[in-house]
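Letter by letter, the chains look like this.
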Amino acid sequence: MANARAIVKRLKAVKNIKKITRTMELIATARFKKALDRATEAAAYTKKIGEIVADLAGVSGELSHPLLVQPATTDNARLLVLTSNRGLCGGYNAATLRAAIRRLREFREDGVPTALEVSGKRGLSFLEFQGEEVETSHTHFEDSPRFDDVDVIAERLIEDFTSGKVDRVDVAYMRFDSIARQTATVETLLPIGDLGGADDEAGEAGGSNEQYEFLPSAEDILLEIVPASFKARLFKCFLDAAVSEQIARMVAMKGATENASEMIGDLSQKYNRARQAAITSELAEVIGGAAALD
């Protein structure tokens, strides 16, 4: 019976764990739906504002903007790494950090001093454990990043870039491609001229023969819309990271729940066998005792 009691104790523990993982899966699912809606809306806005910037840059003649200018040399770079504050999300953080470490090594091989900026306790702990010096850290971003919080970071990065303190800004994050696919990637956000994707498509529009009438002026419009484009792109990175984190947590907790169910089945079977063996042993003792009395 001692063996059966141990199995029962373990069975209760696994059932409790299953309840926790199932609850976490449901919570991640609810948060994922909200994050997905925000990421989808931001993607459409970011793409459109990128197209507008490309159009203006293509038709405004000699006008330009500091954020669109590629520096002659890259003397200083900044790498912003977006990770989560909590674990239990599978390989989400590990994949993002691997991509960040690769880009960091590339910068160092090219002799480019790189300042690290990290969002998320998991990434911060890992990089500090690796002996990397983190210049700036953010631990207040959760599953619903606010634009106001991202705007503070964006304003500082714009100021550093335009003042020449930083020649390049890269962001390592988990890009949301679809519900079934998320990709750990590193994108160059500054200068904006290095961005691909929507900007490449918009570049074709910028090369068209359409004529634009600017009011109040092309220069004033560029001064407003170029920083807005960068902020939208940076905000989208945070939103992509948030929705990807929830997907990873959903998958991880679903796998843990299924594994717990399998363990419960195996333990139940072992308990039944142990109980059956105990009953058989008791019957044998009773029969043996009766035979002895005869």
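Located above this text is the structure these notes cover.
Structure report, in brief. Since the structure is predicted, the reported quantities are computational estimates derived from the model, not experimental observations.

Details of the packing of helix α2 (residues 92-109) against helix α3 (residues 121-129)
Right, so step 1: Where α2 meets α3, the closest approach of the two axes is 11 Å, and the angle between their N-to-C directions is 50°. Judged on the interaxial angle alone, α3 and α2 are oblique. Read as a crossing pair, α2 and α3 show a hand that is right-handed. The segment α2 lies against α3, with Asn-93, Leu-97 and Ile-101 engaging Arg-122, Gly-123, Phe-126 and Leu-127.

Brief notes about the environment of Glu-135
Right, so step 1: Position of Glu-135 among the secondary structure elements: in strand β3 (residues 134-138).
Right, so step 2: Excluding its chain neighbours within four sequence positions, the residues that come into contact with Glu-135 are Arg-78, Ala-115 and Leu-116.

A look at the packing of helix α4 (residues 147-162) against helix α6 (residues 218-293)
The description of two helices packed together rests on the angle between their axes and the distance between the axes.
Right, so step 1: Here α4 crosses α6 at 125°, and the two axes come no closer than 9 Å. Classed by the angle they form, the pair α4 and α6 counts as oblique. Judged by the sense of rotation from one axis to the other, the crossing of α4 with α6 is right-handed. Along the contact surface, α4 presents Phe-147, Val-150, Asp-151, Ile-153, Ala-154, Glu-155, Leu-157 and Ile-158, while α6 presents Pro-227, Phe-230, Lys-231, Leu-234, Phe-235 and Phe-238.
Right, so step 2: The residue inventory of the contact of α4 with α6, partitioned by class, reads 11 nonpolar, no polar and 3 charged.

Considering the sheet that holds strand β4 (residues 168-178)
Right, so step 1: In space, the 5 strands of this open sheet follow the order β3-β2-β1-β4-β5, with mixed pairing throughout. Edge positions in the sheet fall to β3 and β5 (181-190), since each has one partner strand and no second. Here the strands of the sheet are splayed against their neighbours by 25° on average, with no regard to which way each runs.
Right, so step 2: As defined by bridge partners, strand β2 (residues 114-119) adjoins β3 across 4 bridges and the pair is classed as parallel. The residue bridging Leu-116 from the neighbouring strand is Val-134, located in β3.

What about empty space enclosed by the protein?
Right, so step 1: According to the stated counting rule, one finds 2 cavities of 30 Å³ or more in the structure shown.
Right, so step 2: Space inside the largest cavity adds up to approximately 120 Å³.
Right, so step 3: For the largest cavity, the lining is made up of 14 residues, of which Thr-83, Phe-141, Glu-142, Ala-242 and Glu-245 are closest to its centre.
Right, so step 4: Considering every element that reaches the lining of the largest cavity, the biggest residue donor is α6, with 4 residues.
Right, so step 5: A breakdown of the residues in the lining of the largest cavity according to their chemical character gives 6 nonpolar, 4 polar and 4 charged.

Observations concerning the pattern of salt bridges
Right, so step 1: Following the criterion strictly, the structure yields 19 salt bridges and no others.
Right, so step 2: Residue Arg-78 is joined to Glu-117 by a salt bridge in which the shortest nitrogen-to-oxygen separation is 3.2 Å. Within this pair, whereas Arg-78 is found in strand β1 (residues 77-82), its partner Glu-117 is found in strand β2, the two being separated by 39 residues in sequence. As far as the burial class goes, Arg-78 and Glu-117 line up, both buried.
Right, so step 3: Note that Glu-135 and Arg-78 form a salt bridge whose closest N and O atoms lie 2.7 Å from each other. Of this pair, Glu-135 sits in strand β3 while Arg-78 sits in strand β1, and the two are 57 residues apart along the sequence.
Right, so step 4: The partly exposed category is assigned to Glu-135, whose relative accessible area is 48%.
Right, so step 5: Residue classification places Arg-78 among the buried residues on the basis of a relative accessible area of 2%.
Right, so step 6: Salt bridges linked by common partners bring Arg-78, Glu-117, Glu-135, Arg-156 and Asp-160 together as one network.

Side note on unusual backbone geometry
Right, so step 1: That bond from Leu-190 to Pro-191 is cis: its omega, 0°, falls within 30 degrees of zero.
Right, so step 2: The residue Pro-191 is located in the loop between β5 and α5 (198-206) in this model.

About the thresholds
Residues take numbers from 1 onward in each chain, read along the sequence in its written order. Totals for whole chains, interfaces and linings use every residue, but because this is a predicted model, local features are given only for residues with pLDDT of at least 70 and side-chain atom pairs only at 80 or more, for both listing and counting. The side-chain values count all of the structure's non-hydrogen atoms but skip hydrogen atoms and water molecules. Angles here are taken between N-to-C directions and fall from 0 to 180 degrees, while the axes themselves are lines fitted to C-alpha atoms, restricted in helices to the stretch in contact. Strands are runs of DSSP state E lasting at least two residues, helices are runs of H or I lasting at least four, and both sets are numbered from the N terminus onward. The cut-offs work like this: below 35 degrees is roughly parallel, past 145 is roughly antiparallel, 65 to 115 is roughly perpendicular, and the gaps in between are oblique. Crossings are classed by handedness, with left-handed meaning an anticlockwise turn of the near helix from the far one by less than a right angle and right-handed meaning a clockwise turn. Note on definitions: a residue-residue contact is assigned when non-hydrogen atoms from the two residues lie within 4.5 Å. Any residue that is not Ala, Val, Leu, Ile, Met, Phe, Trp, Tyr, Cys, Pro, Asp, Glu, Lys or Arg is counted as polar, Gly included; the first ten are nonpolar and the last four charged. Strand pairing follows a simple DSSP-based rule, namely that at least 2 bridges must link the two strands. Cavities and pockets were defined on a 1 Å grid built from protein atoms only: a cavity is a group of points that admits a 1.4 Å probe but offers it no way out, a pocket is an open group of points flanked by protein on both sides within 12 Å along at least five of seven lines, and a lining residue is one with an atom within 4 Å of any such point. Grid points are joined across faces, edges and corners, and a volume is the space filled by probe spheres set on the points. One side-chain nitrogen of Lys or Arg within 4 Å of one carboxyl oxygen of Asp or Glu is enough to make a salt bridge. Per-residue accessibility, obtained with a 1.4 Å probe over protein chains only, is compared with the maximum for each type, and a residue is labelled buried under 20%, exposed over 50%, and partly exposed between these values.

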